[in-house]
Structures are given as C-alpha cells and as structure tokens.
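Structural characterization, general
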Amino acid sequence: MKKGIAASKGYAIGKALIKEDSEVKIEERKIEDIKSEKERFKKALDLSREQLTKIKEKAEKEMGADKAAVFESHMMLLDDPEFAGAVGMEIENNMVNAEKALNDVATMYAGIFAAMEDEYMRERGADVKDVSKRILANLAGKVSADSEEMAANTIVIAHDLTPSDTAQLDKSKVIAFLTNIGGRTSHSAIMARTLEIPAVVGLNDITTSVKNGDTVIVDGNEGIVIINPDENTIKEYEVKKEGYEKEKEELKKLINVKTVTKAGKRVEVAGNIGKPQDVHQVIENGGDAIGLFRTEFLYMDRDDMPTEEEQFESYKYAVEKMEGRPVVIRTLDIGGDKKLPYLPLPEEMNPFLGYRAIRLCLDKKDIFKIQLRALLRASAFGNLKIMFPMISSLGEFLQAKEILSECMEELKKEGKAFNGELETGIMVEIPAAAVCADELAKYVDFFSIGTNDLIQYTLAADRMNEKISYPYNPMHPAVLKLIKMTIEAAHKEGKWCGMCGEMAGDEKAISTLVEYGLDEFSMSASSILKAKQLIMEN
Ligand code: PEP
Ligand code: MG
C-alpha cells in the first residue's frame, strides 16, 4: 500500500499503464550486425507510422482537420527518405545501435530548425523531437499513453502530467491516474476533479513501484494506492466504491435547492471551468453560476493564439448556456505551471513568482486586447463578469481597466454591441492584495479569493511540491486572517466576495468560510453538491 496526496475523489480498480517520461534515456551500444539493426529501426518507423495514422484519424474526427494537421508534419518526417537514410548511415558508419543513431540525427535536425529565422520552421524542431520520441519508445517496445490500444479500465501512471496531458485523457478508458509529484492544487489535480476521475498525486516512486498490467486500486478519497491486491481487498473496495456512488446519487436531491446558511444567508455555489463545454457539468451538479472560467485552457493544446472570433464564440457559448446566471471569466493566467508552446518565454528561477498572468498581459497589450474585445462582445449575450488574476496593486487593476476602456471605445466605433455596465473584479491571490483589500474594494466590483496561490505565497510553500504539503495548510491562522480581512473589506464597500480556490470546496474549511460571511463559493463541479449540503448545515 502506498500513501500519497488525495487529489480527486472516488475509487477505481483497474490495470496500470505507465506513461513514459517525456525524456527518454538514450543508451549507446556498439553493434556488429548492421543489417538487423537497420531492420529494427525500420520496424519502429513502420509502427510509428501506423500509430500516427490512427491518432490523426481520431484527431480529425474529434477536433477537426486543422488541429489534426500537426500530425501531418510528423508523418512527413517519417516518410522522409533523407531522415531515415541519415539514421541508416549513422548505424553503419559508427556501428552504433538505432537509438543512438536516431538521437544524433534528430538532435542535428532539431538544431537546424531551431536556428531558422522563420517561426513556423522553428516549430518544426519540436516536431522532430516528438516523432523521434515516438520511434525511440517503439524501439524500446514501450506503450505510450496515447496508444490506441489502451484498454478500458486503465489507470495512467506517470512521473507528472501537465495540465494539457490531463485534459487529453480519454475518460472512456482512463478511470484514474497516479503521479510521483504534484500537490492538491497543481493544475493536473484540478483537471482530474473537473474530469471527475479519481487521482492520487505526490506518490514519489509510483512509476517504479508498479509494472504495466498490474492490478491497482486507487482510493482518491484517502490518497491510498494498493498494488496487486488480494481478492478480499478488491471486494472491500468494490463495496466502498458502491457506497461512494450511492452517496453521490443521494446528493442529487440538492440540485435545484437554493443554498441558505443556518443564519438565513443566501450564498451562491458556483463551478470552476476550463472549457466552455464544462458549463454543462456545473449545471448538472446544481451550480448557481460560473465563479471561475480559467481561459488559459483555450490557449493550450494548439499551435497558435486563439483569434478574437474563436474566443468570442467560446465565451458566448458559456454565458448563453448559463441563461443569465453569472459567469466570471478570468483573463489569461499563463505562466507558473501553465505554458504555451507558441509563446516561448525565458526560463525563470521562480515561475510562480515570475512573468505571468496580468503582468504578462499588461506587457503584451496586443494579446490582452484580443481577449478583452472578445469578452466585451460576449457580454452582450449574458451575465458576464471580467476578473483579473494576480493583482498585487491598485495600479495594475487601473491599468487593466484603462485597456478595457480602450477596447470599449474601439468596439463602439465599430458598432459592435457589449455591456458597458459589466462588473470587473480581481482575484485576491497575492497576500499584498488581501492586506490592501480595503483600498482595492473601493475600485473593484467584486473580489474572488484565489486560495491556491494565496496559501503558497503566504506560507512560502510551493503548491506543486508534494514534499512540503504539510506547511501548505489552508487553515493556517495567517491564511484565515487574510481571508477574513478580504471579505470584510469587500462588505464594507458594499461589494461581494467569492472564493474560487480549491479551499471553497474543502469540507474542513466550509464552516469557517460561512462564519466569515463569504458570498460565493466556486469549485470543481464534482464538489458542488457536497458543498451545498455542508453550507446548509452551518
Ligand atoms: C487560485 O490561485 O486559487 C486560483 C483559483 O487560480 P489558479 O489555481 O488557476 O492559479
Ligand atoms: Mg491562481
């Protein structure tokens, strides 16, 4: 049995599939039989082509031809006789194994692309790396997690999953995931809760403790993993799973119930989303609103920036489906653990304290304005509110508002509709904002407390680092004081205060937050009903 950090609730019993590390280790071997080494390389090449053809077909069906085009350039490389020829020459001339020969040729190709002026060509360098990783995995006879052959009831096991890796997991096959690193509020954990699949993170060495095909029990409630359990343990967990699912069913009676505290205060219980389609899950779980739309997910898993039109359609979709209920949309919060392949940013020593979110947007005004225009246009179709992330001073908020006014002027001139009265607020996730909440409250329409970051900055405890999950404590008095101050400051100015960090759905924190007078609790859709029940008991 292994204990990690419970990242997403639920139970799963399935078969392990180890997702290979993105960095494959290359071992150099001297060979004697050139012909059979070349044959081995050719086989891996053919297998890669077969896999990519299937993936491309699937991507075309699910995401459209333009998104699937990325696989086209991967296929071209596989079919390029010069590329395969160069690997063959390396094997022959240096008498080395196919892995070493391929790695040398791929590094050389990637280097040539990386040095090119043209941005499109530079990106092809990443394709070379991707394709060679696939061939290397096939040379080693490894299965990759995107494999078409992935069976139902798969439990994906990885050193780490990026937010986009997690978003791509096929829910019809993947029933849980486990990782060596990560904390409860790392974005892959948050994604797991959105996908409603159990997950345990921060397990340290799960990738080496489990073999492909092992039977694994995942207890996402307690953060427990059992490898190759006996019959009795399987039965015990089947019973737990059933009980958990029954409780979930029972909570459904609260879907249409308005949440009122014991003291008679009506509070809003809202959902956090990453994609416009996620609104349906929030509605199905009885959410009153969207308290946080993390728009950066619209920018991920693609090769270029989403256009104003694409973004407008996404925001419009969400507000229309919510039929007049509030939708708080946060402007781009990139940086930290969220990166964009087409927006290369310099490596930073402390990405979470770095060039991210509003700091990046105020600096790259052209990118920011595209989003603000799309948000304003969508505001004509429902109850849209704009929220700025990572605000540390009044100056940043006022600057953001000024750019928003510029966009309003432009749209007016173009005769495009928007709601000129829309609410604008900020995330309170930097301690400085909480400390200065009394001043900020005079200018904003609302606050939403981002505890995921607020906790890590207040307690100097990295939210991604499982080794220090113990000081990362939402109930630390310093964190609670900042939360209380923020709520009181908002109320003093007649503004509302919500919370969209994971603490809003934390069963241990809810009664304190009710006591402090929090107006809106926003969380993963899967936590809404339980939170409603607890809020009503307090
Ligand atoms: C937060 O920091 O609490 C938050 C909600 O934002 P994110 O998790 O996206 O950083
Ligand atoms: Mg944050």
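Okay, so let's go over this structure. (Residues numbered from 1 in each chain as written. Chains lettered and ligands numbered in written order. Predicted model: local features only at pLDDT ≥ 70, side-chain atom pairs only at ≥ 80, totals over all residues. Heavy atoms only, no water.)

**Some details on the coordination of the magnesium ion (ligand 2)**
- Note on the magnesium ion (ligand 2): its protein donors are E429 (OE) and D453 (OD). The metal-donor distances range over 2.0 to 2.1 Å. Highlighted residues: E429 in the loop between strand 13 (424–428) and helix 16 (431–435) and D453 in helix 18 (residues 451–459), separated in sequence by 24 residues. Note on accessibility: E429 and D453 belong to one class, buried. (Donors = N, O, S within 2.8 Å, 3.2 Å for Na, K, Ca; no water. Helix = DSSP H or I, 4+ residues; strand = E, 2+ residues; numbered from the N terminus. Buried < 20%, exposed > 50% of the residue type's maximum accessible area, 1.4 Å probe, protein only.)

**Structural notes on the site of ligand 1**
- Taken together, 15 residues sit near ligand 1, with R294, R330, G450, N452 and R463 positioned nearest.
- Contact between ligand 1 and R330: an oxygen atom at 2.8 Å from a side-chain N or O atom of the residue.
- Here an oxygen atom of ligand 1 sits 2.8 Å away from a polar atom, N or O, in the main chain of N452.
- Taken by itself ligand 1 offers 290 Å² of open surface, and the protein chains cover 100% of this.
- Mapped onto the shell around ligand 1, the elements with two or more residues apiece are helix 7 (187–195), strand 10 (289–294) and helix 18.
- The element best represented in the shell around ligand 1 is helix 18, accounting for 3 residues.
- Taken together, the residues that form the shell around ligand 1 break down as 4 nonpolar, 5 polar and 6 charged. (Near = heavy atom within 4 Å. Polar contact = N/O pair within 3.5 Å; in protein donor to acceptor, adjacent residues only side chain to side chain. Areas by Shrake-Rupley, 256 points an atom, 1.4 Å probe, with all protein chains shown as cover. Nonpolar A, V, L, I, M, F, W, Y, C, P; charged D, E, K, R; others polar.)

**Some details on the packing of aromatic side chains**
- For the structure on display, the rule yields 8 aromatic pairs.
- Ring geometry for F446 against W496: centres 4.6 Å apart, planes inclined by 10 degrees, an arrangement best described as stacked. Taken together, the residues span a long stretch of sequence, with F446 in strand 14 (residues 446–449) and W496 in strand 15 (residues 496–499) at a distance of 50 residues.
- Residue F446 is classed as buried on the basis of its relative accessible area of 0%.
- An aromatic cluster is defined as three or more aromatic residues linked by ring pairs; in this entry it consists of Y11, Y237 and Y244.
- When the ring centre of F381 is taken as reference, the NZ or CZ atom of K316 above it lies at 5.0 Å.
- The cationic tip of R377 hangs over the ring face of F312; the distance from NZ or CZ to the ring centre is 4.1 Å. (Phe/Tyr/Trp six-rings, centres within 6.5 Å; stacked < 30°, edge-to-face > 60°. Lys NZ or Arg CZ within 6 Å of the ring centre and 35° of its normal.)

**What about the pattern of salt bridges?**
- This model, assessed by the stated rule, comprises 42 salt bridges.
- D278 is the salt-bridge partner of K275, the closest N and O atoms lying 3.9 Å from each other.
- E414 is the partner of R373 in a salt bridge, and the nearest nitrogen-oxygen pair spans 2.7 Å. In this pair, R373 sits in helix 14 (residues 365–378) while E414 sits in helix 15 (residues 394–414), placing the two residues 41 residues apart along the sequence.
- Taking relative accessible area as the criterion, R373 reaches 10% and is therefore assigned buried.
- In this structure E414 comes out as partly exposed when scored by relative accessible area, which is 39%. (Salt bridge = Lys/Arg side-chain N within 4 Å of Asp/Glu carboxyl O.)

**A closer look at the sheet that holds strand 14**
- If you trace the 8 strands once around the closed barrel, you get 9-10-11-12-13-14-15-16, paired in parallel fashion. Direction aside, neighbouring strands of the sheet carry axes that sit 25 degrees apart on average.
- As judged from the 4 bridges shared by strand 9 (residues 268–273) and strand 16 (residues 520–523), these two strands associate in the parallel manner. When the bridges of strand 16 are listed, A270 appears paired with S522.
- Strand contacts of helix 14: strand 11 (327–330) and strand 12 (384–388), with the helix running at about 155 degrees to strand 12, the strand carrying the most contacts.
- Across the face of the sheet, helix 15 comes into contact with strand 12 and strand 13 while running at roughly 145 degrees to strand 13. (Pairing = 2+ DSSP bridges. Axes fitted to C-alpha atoms, helices over the stretch in contact; angles between N-to-C directions. Contact = heavy atoms within 4.5 Å.)

**Thoughts on the side chain of R294**
- Note on placement: R294 falls in strand 10.
- Despite being buried, R294 has no salt bridge partner; E296 is the closest side chain of opposite charge, sitting 4.5 Å away.
- If we ignore the near neighbours within four places in the chain, the residues touching R294 are H187, I190, N272, I273, G274, R330 and N452. (Lys, Arg positive; Asp, Glu negative; His and termini not counted.)

**Some points on unusual backbone geometry**
- Even without being a glycine, N153 presents a positive backbone phi close to 60 degrees.
- In this structure, N153 sits in the loop between helix 5 (119–139) and strand 4 (154–158).
- Residue N153 is classed as partly exposed on the basis of its relative accessible area, which comes to 42%.
- One non-glycine residue with positive phi stands out, namely M390, at about 55 degrees.
- Here M390 shows up in the loop between strand 12 and helix 15.

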